[in-house]
Amino acid sequence: MNKIEVKKASAQQDLEKVFAIRKEVFVYEQNCPPELEWEHEDESNHFLATVNGEPAGAARWRKTANGYKPERFAVLKKFRGFGVGQALVKAVLADLPPGANYIYLHAQIQAVGLYEKFAFEKLGNEFEEAGIRHYKMVLQS
């Protein structure tokens, strides 16, 4: 049985693991321009997921002018299908402040089903961000 843990990452060594995971998934695997991937880090709340103690996934949330935005969900290829993405979504949503009333995200096409499990609904048309197809999704309360 794989032990999946998600913790808030604020220590430098944890943040380095978070950024390494995102670099692997977004920059190398999905060819996102690095300058688009690294933004708003200081105002974000970061999370690190581990499987049996090994860094496996990352995510963050931040407050924007529009509401609260969970984003940058990334799971290393070898840990996909273990439930790491779901564990990250749960942890991020649980960490939002009480009264966070408008929660939205930009979901990559292949991740829409994951977010739908957590009561997010697609809003509007498909769009492109960093060369990748996305939908805006909003959490239904």
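Here we take up the packing of aromatic side chains. Applying the stated criterion to the full structure yields five aromatic pairs. Between tryptophan 61 and tyrosine 68, the ring centres sit 5.8 Å apart and the planes meet at 55 degrees, which makes this aromatic pair tilted. Relative to phenylalanine 82, the ring of phenylalanine 79 lies with its centre 5.8 Å away and its plane at 75 degrees, an arrangement referred to as edge-to-face. Given the relative accessible area of 35%, phenylalanine 82 is considered partly exposed. Put simply, the rings of Phe73, Tyr115 and Phe120 pair up and form one aromatic cluster. Lysine 122 extends its terminal NZ or CZ atom over the ring of tyrosine 135, reaching a point 4.3 Å from the ring centre. Over the aromatic face of tyrosine 104 sits the side chain of lysine 136, whose NZ or CZ is 5.2 Å from the ring centroid.

Before going further, it helps to spend a moment on helix α1 (residues 12-29). Its 18 residues give α1 an end-to-end C-alpha distance of 24 Å, which sits within 8% of 26 Å, the value for a rise of 1.5 Å per residue. If you look at α1, its biggest bend is around 30 degrees, right at lysine 23. All of the buried residues along α1 are Asp14, Leu15, Val18, Ile21, Arg22, Val25, Phe26 and Val27. In the stretch just after α1, asparagine 31 is the one whose phi turns positive, near 60 degrees.

Cut-offs and rules
- Residues numbered from 1 in each chain as written.
- Predicted model: local features only at pLDDT ≥ 70, side-chain atom pairs only at ≥ 80, totals over all residues.
- Heavy atoms only, no water.
- Phe/Tyr/Trp six-rings, centres within 6.5 Å; stacked < 30°, edge-to-face > 60°.
- Buried < 20%, exposed > 50% of the residue type's maximum accessible area, 1.4 Å probe, protein only.
- Lys NZ or Arg CZ within 6 Å of the ring centre and 35° of its normal.
- Helix = DSSP H or I, 4+ residues; strand = E, 2+ residues; numbered from the N terminus.
- Expected span 1.5 Å × (residues − 1).
- Bend = angle between axes of the 7 residues up to and from the residue.

By themselves, these observations are geometric and do not establish any function.
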